[in-house]
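Inside the fold
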Amino acid sequence: IEPILRALKTEGYTHPTPIQEQAIPIVLQHKDLLGCAQTGTGKTAAFAIPILQLLYQNKGEERGPHKIKVLILTPTRELAIQIAQHMEGLSYFTSVSSIAVYGGGDGNAFVQEKKALSHGADVVVCTPGKMITKKKMGYVKLDGLKYLVLDEADRMLDMGFYDDIMFIINHLPKKRQNLVFSATMPHKIREMGRKILHQPAEVNISISKPNEKIEQAAFVVYDTQKIPLVKHLLQKKDFKMVLIFCSSKIA
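Conventions and cut-offs
- Residues numbered from 1 in each chain as written.
- Predicted model: local features only at pLDDT ≥ 70, side-chain atom pairs only at ≥ 80, totals over all residues.
- Heavy atoms only, no water.
- Helix = DSSP H or I, 4+ residues; strand = E, 2+ residues; numbered from the N terminus.
- Contact = heavy atoms within 4.5 Å.
- Areas by Shrake-Rupley, 256 points an atom, 1.4 Å probe, with all protein chains shown as cover.
- Lys, Arg positive; Asp, Glu negative; His and termini not counted.
- Charge placed at Lys NZ, Arg CZ, Asp CG, Glu CD.
- Buried < 20%, exposed > 50% of the residue type's maximum accessible area, 1.4 Å probe, protein only.
- Arc of directions from axis to C-beta.
- pLDDT = per-residue confidence, 0-100.
- Pairing = 2+ DSSP bridges.
- Axes fitted to C-alpha atoms, helices over the stretch in contact; angles between N-to-C directions.
- Patch = residues over 30% accessible without salt bridge, like charges linked within 9 Å, V, L, I, M, F, W, Y side chains within 5 Å.
- Salt bridge = Lys/Arg side-chain N within 4 Å of Asp/Glu carboxyl O.
- Phe/Tyr/Trp six-rings, centres within 6.5 Å; stacked < 30°, edge-to-face > 60°.
- Lys NZ or Arg CZ within 6 Å of the ring centre and 35° of its normal.

Helices and strands together make up the secondary structure of the protein chain, namely 10 helices and 7 strands. Referenced to the eigenvectors of the C-alpha coordinate spread, the extents of the protein chain come out at roughly 70 × 40 × 35 Å. Relative to all contacts within the protein chain whose residues are 6 or more apart in sequence, the contacts with residues 24 or more apart total 80%. In the form shown here, the protein chain has an accessible surface area of approximately 15,100 Å², with 53% of it arising from carbon and sulfur atoms. Within the protein chain, the 24 negative side-chain charges are centred at a point lying 3 Å from the centre of the 33 positive side-chain charges.

Here we take up helix α1 (residues 2-10). Those residues of α1 that fall on the buried side of the exposure criterion are Pro3, Ile4, Ala7 and Leu8. One face of α1 carries all of its buried residues, which in axial projection span an arc of 140 degrees. Turned more than 90 degrees away from the buried face of α1, the exposed residues are Glu2, Leu5, Lys9 and Thr10. Turning to α1, the residues buried within the fold contact α3 (43-58) and α4 (77-90). Just downstream of α1, Gly12 is the residue with a positive phi angle, here 90 degrees.

Within the secondary structure, Tyr139 is located in the loop between α6 (128-136) and β5 (147-150). On the basis of relative accessible area, Tyr139 is assigned to the buried category, the value being 10%. In the structure, Tyr139 is positioned 45 residues away from Thr94 in sequence and 27 Å away in space, judged by C-alpha atoms. Among all residues touching Tyr139, those that are not within four sequence positions of it are Phe110, Lys114, Leu117, Ser118 and Lys134.

Residues with a pLDDT of 70 or more make up 90% of the protein chain, whose mean pLDDT is 86. The least confident element of the protein chain is helix α5 (residues 107-119), whose mean pLDDT is 76; the most confident is β5, at 97.

This part takes up the sheet that holds strand β6 (residues 177-182). Pairing is parallel across the open sheet formed by 7 strands, whose spatial order is β3-β4-β2-β5-β6-β1-β7. At either end of the open sheet lies a strand with only one pairing partner, and these are β3 (98-101) and β7 (201-204). Taking the axes of each pair of neighbouring strands and ignoring which way they run, one obtains an average angle of 15 degrees across the sheet. Of the pairings in the sheet, the one linking β5 to β6 comprises 4 bridges and is parallel in character. Of the residues in β6, the one forming a bridge with Tyr147 is Gln177. Strands in contact with α4 are β2 (70-73), β3 and β4 (123-126); relative to β3, the strand with the most contacts, it is inclined by about 175 degrees.

Nonpolar side chains collect at one region of the surface, where Val230, Leu234, Phe239, Val242 and Ile244 lie side by side and expose about 400 Å² of accessible area between them. Relative to the helices and strands, Leu234 is located in helix α10 (residues 223-236).

Here the focus is unusual backbone geometry. Of note, the phi angle at His30 is positive, near 65 degrees, even though the residue is not glycine. As for its position among the elements, His30 is in the loop between α2 (18-28) and β1 (33-36).

Under the defined criterion, the tally for this structure stands at 2 aromatic pairs. A centroid spacing of 5.5 Å and a plane angle of 50 degrees characterise the contact between Phe47 and Phe181, whose relative ring orientation is tilted. Of this pair, Phe47 sits in helix α3 while Phe181 sits in strand β6, and the two are 134 residues apart along the sequence. Exposure class is identical for Phe47 and Phe181. Each is buried. Both rings, one in Tyr92 and one in Phe93, keep their centres 5.1 Å apart while their planes meet at 90 degrees; by these two values the pair is edge-to-face. For Phe93, a relative accessible area of 29% corresponds to the partly exposed category. The ring centre of Phe93 lies 3.9 Å from the NZ or CZ of Arg6, which sits over that ring. One cation-aromatic arrangement involves Lys136 over Phe167; the distance from NZ or CZ to the ring centre is 5.8 Å.

Given below as structure tokens:
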């Protein structure tokens, strides 16, 4: 598809990553997908590229009012903005529209979000909590949805979004393509997958692990030993930068 290829070239894509190479053909075949690959491996493009291609191919067949076709749920507003910007870049040479919906915006952002959710943007990227808030306001139209993407699914479950996700899914058309992407594949992800995915293909590139250049160590100590241990570690090695997380419950 020429517009998508032009965008890929503009965005600097030359070769697909492993998750992209395996996931893109599956999405283009209209199959549900459960994909696992660690953060930073190109999962966003693995679903964005084929979805944009399918949307572009079907643009000429549209009849009737404009409707939301793709809903991408993600755990944080920062990631929602990032994905929406990525989608915008890849769809630059097409007429496919996308918007990120998240909290904390001003009045102008609220008006823009309401217009997109009621009159239809092709792609909506949203956190589960914000989508429920918008849905309860009564103006979100999801009856034309064709694709549901859960990105960073393990993080959403860790943050307690399971009930929110299932509430949203219960208000979506039954006939749709579902794509679930996660950095890890714990039991709870597979359990959720069994409830929302239909005969899914599975792509498992690698279980999330720290960068090989990062050295990790754990020290089991008493509370009174923590400060002396930190001092010892800081004196032992010449660190260029140090970030220390501590409890703020006790002064």
